[in-house]
Amino acid sequence: MWYAYVIKSKKNKHLYVGSTEDLKRRFTEHNQGRGGAYTRKNAPFDLLFYEAYQEKGDAIAAENFYKSGYGREVLKEKDGR
C-alpha cells in the first residue's frame, strides 16, 4: 500500500505534501526532525489527511496534484481555510 499525505506544521501552520509506502514511519520521522530540510525546521506536525493507493505511481500522482496550483486550492478547503 502507498500513501499520499498532507501534514501541517504546528509551528507555522504551513502544509507539507508527500508520499510514502510506510505512513506511520514517515510521519514519525517528520516529527523527530529526520525528514528533509523543510520538515526538520518546521516540526512538529499534525497529520491533516492521507489517501491510500495500491500503486506507487498513483500515490506520486496524487502528491504532484496536491503540489499544483489547483491542488493547493483543494488543500485549503480540506484545511478549512
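Preceding this paragraph is the structure being described.
Draft legend 1. Quick peek at the pairing of strand E1 (residues 2–9). Most of E1 is tucked away, with seven of its eight residues classed as buried. With eight bridges connecting them, E1 and strand E3 (residues 45–53) associate as antiparallel partners. Bridged to Ala 4 within E3 is Glu 51. Bridging between E1 and strand E2 (residues 15–20) involves six bridges; their strand directions are antiparallel.

Draft legend 2. Broad picture of helix H4 (residues 69–79). Of the residues making up H4, those classed as buried are Gly 71, Val 74, Leu 75 and Asp 79. Buried residues of H4 fall within an arc of 135° about the axis and therefore sit on the same side. Facing away from the buried side of H4 by over 90 degrees, the exposed positions are Gly 69, Tyr 70 and Glu 77. Among the structural elements, E1, E2, E3 and helix H3 (56–67) are those in contact with the buried residues of H4. Two residues or fewer past H4, Gly 80 is found with a positive phi of approximately 80°.

Draft legend 3. Seen up close, the side chain of Thr 39. In this fold, Thr 39 is placed in helix H2 (residues 37–42). Within polar-contact distance, the side chain of Thr 39 engages the side chain of His 30 at 3.2 Å. Aside from chain neighbours lying at most four places away, what touches Thr 39 is Ile 7, Tyr 16, His 30 and Phe 45.

Draft legend 4. Local environment of the nonpolar core. Formed by Val 6, Leu 15, Val 17, Phe 49, Tyr 66, Val 74 and Leu 75, the largest nonpolar core amounts to seven residues. Put simply, the parts of the chain that give this core at least two residues each are E2 and H4. With residues up to four places along the chain from it excluded, the contact list for Val 6 reads Leu 15, Tyr 16, Val 17, Asp 46, Leu 47, Leu 48, Phe 49 and Leu 75. Membership of the second largest hydrophobic core comes to six residues, among which are Tyr 5, Ile 7, Leu 23 and Ala 43.

Draft legend 5. Quick look at the pattern of salt bridges. Inspection of the entire model under this criterion finds seven salt bridges. The closest approach of N and O atoms between Asp 79 and Lys 8, which form a salt bridge, is 3.0 Å. Taken together, the residues Asp 79 in helix H4 and Lys 8 in strand E1 connect sequence positions 71 residues apart. Here Arg 25 and Glu 29 are joined by a salt bridge, their closest N and O atoms 2.8 Å apart. Of the two residues, Arg 25 and Glu 29 both sit in helix H1 (residues 23–31), four residues apart, roughly one turn of that helix. A relative accessible area of 38% places Arg 25 in the partly exposed class.

Criteria and thresholds
Chains are numbered independently. Their residues run from 1 in the order of the written sequence. Predicted model: local features are reported for residues with pLDDT of at least 70 only, side-chain atom pairs are reported and counted for 80 or more only, and whole-chain, interface and lining totals are derived from all residues. Based on all heavy atoms of the structure, the side-chain values leave hydrogens and waters out of the count. The buried label goes to any residue with under 20% of its type's maximum accessible area, the exposed label to any with over 50%, and the partly exposed label to all in between, with areas taken from a 1.4 Å probe on protein chains only. Each helix corresponds to a stretch of at least 4 residues labelled H or I by DSSP, and each strand to a stretch of at least 2 residues labelled E; elements are numbered beginning at the N terminus. Here, a strand pair is defined by DSSP locating no fewer than two bridges between the strands. This arc describes the spread of directions from the helix axis toward the C-beta atoms. Contacts: residue pairs with any heavy atoms within 4.5 Å of one another. Whenever two N or O atoms come within 3.5 Å, that pair is a polar contact, provided that in protein one can donate a hydrogen and the other can accept it, and provided that, for residues adjacent in sequence, both atoms are side-chain atoms. To form a nonpolar core, buried Ala, Val, Leu, Ile, Met, Phe, Trp, Tyr and Cys residues must be joined to one another through side-chain atoms within 4.5 Å. What makes a salt bridge here is a side-chain nitrogen of Lys or Arg within 4 Å of a carboxyl oxygen of Asp or Glu, nothing more.

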